[in-house]
Amino acid sequence: MTLSYNEAGRLLDAQERVDNCPLPAELCAWLQAYTDEHYKPEPKKRKRPVSFQAPDQRPQS
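Given the structure is predicted, the values throughout are model-derived calculations rather than measurements. (Residues numbered from 1 in each chain as written. Predicted model: local features only at pLDDT ≥ 70, side-chain atom pairs only at ≥ 80, totals over all residues. Heavy atoms only, no water.)

Student: Honestly, a nonpolar patch on the surface in this entry has me stumped. Any pointers?
Tutor: A surface patch of nonpolar side chains, amounting to about 220 Å² of accessible area, comprises L11, L12 and V18. Positionally, L12 belongs in helix α1 (residues 5-13). Classification of L12 by relative accessible area gives partly exposed; the value is 48%. (Patch = residues over 30% accessible without salt bridge, like charges linked within 9 Å, V, L, I, M, F, W, Y side chains within 5 Å. Areas by Shrake-Rupley, 256 points an atom, 1.4 Å probe, with all protein chains shown as cover. Salt bridge = Lys/Arg side-chain N within 4 Å of Asp/Glu carboxyl O. Helix = DSSP H or I, 4+ residues; strand = E, 2+ residues; numbered from the N terminus. Buried < 20%, exposed > 50% of the residue type's maximum accessible area, 1.4 Å probe, protein only.)

Here it is as structure tokens:
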């Protein structure tokens, strides 16, 4: 059993069976409190358009 979306995706990629099941209310409340306290979104990384990159840093096509 996992709450991880990424782990479930890896299991599916490995042809494993992944079933949905309801999350008990106590576990849901604990997970919400934990997430509220510890979750920090990753800072957004701005991708510079190719035209603004130095010619030697541009991807080769």
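That covers the picture; the talk isn't over yet.
Student: What should I look at first to understand the pattern of salt bridges in this one?
Tutor: Working definition: two side chains of opposite charge can pair if their charged atoms are close together. Taken as a whole and assessed by the stated rule, the structure comprises 1 salt bridge. Measuring nitrogen to oxygen at the nearest pair gives 3.1 Å for the salt bridge that ties R17 to D19. The pair R17 / D19 is uniform in exposure class, with both members exposed.

Student: Before we go on, may I ask you to explain the environment of V18 in this structure?
Tutor: In this structure, V18 sits in the loop between α1 and α2 (25-38). Note on V18: relative accessible area 31%, which makes it partly exposed. Sequence separation between V18 and A8 is 10 residues; the distance between their C-alpha atoms is 6.8 Å. When near neighbours in sequence (up to four residues on either side) are disregarded, V18 contacts A8, L11 and L12. (Contact = heavy atoms within 4.5 Å.)

Student: Can you walk me through unusual backbone geometry in this structure?
Tutor: A negative phi holds for most residues other than glycine; trans holds for most peptide bonds. Of note in this structure, Q15 is not a glycine but carries a positive phi near 65°. Along the chain, Q15 turns up in the loop between α1 and α2. The exposure class assigned to Q15 is exposed, which follows from its relative accessible area of 70%.

Student: I keep staring at the packing of aromatic side chains and nothing clicks. Help me out?
Tutor: The geometry of two aromatic rings is summed up by the distance between their centres and the angle between their planes. All chains considered together, the criterion is met by 1 aromatic pair. For the ring pair W30 and Y34, a centre distance of 5.4 Å and an interplane angle of 25° mean the geometry is stacked. Linking W30 with Y34, this pair stays in helix α2, spanning 4 residues, or about one helical turn. (Phe/Tyr/Trp six-rings, centres within 6.5 Å; stacked < 30°, edge-to-face > 60°.)

Student: I'm lost on α1 in this one. Help?
Tutor: For an α-helix the count is 3.6 residues per turn, leaving residues at separations of three or four pointing the same way. Capping the start of α1, S4 holds a side-chain oxygen 3.3 Å from the backbone nitrogen of N6, two or three residues further along. Positive phi appears at Q15, one or two residues downstream of α1, with a value of about 65°. (Polar contact = N/O pair within 3.5 Å; in protein donor to acceptor, adjacent residues only side chain to side chain.)

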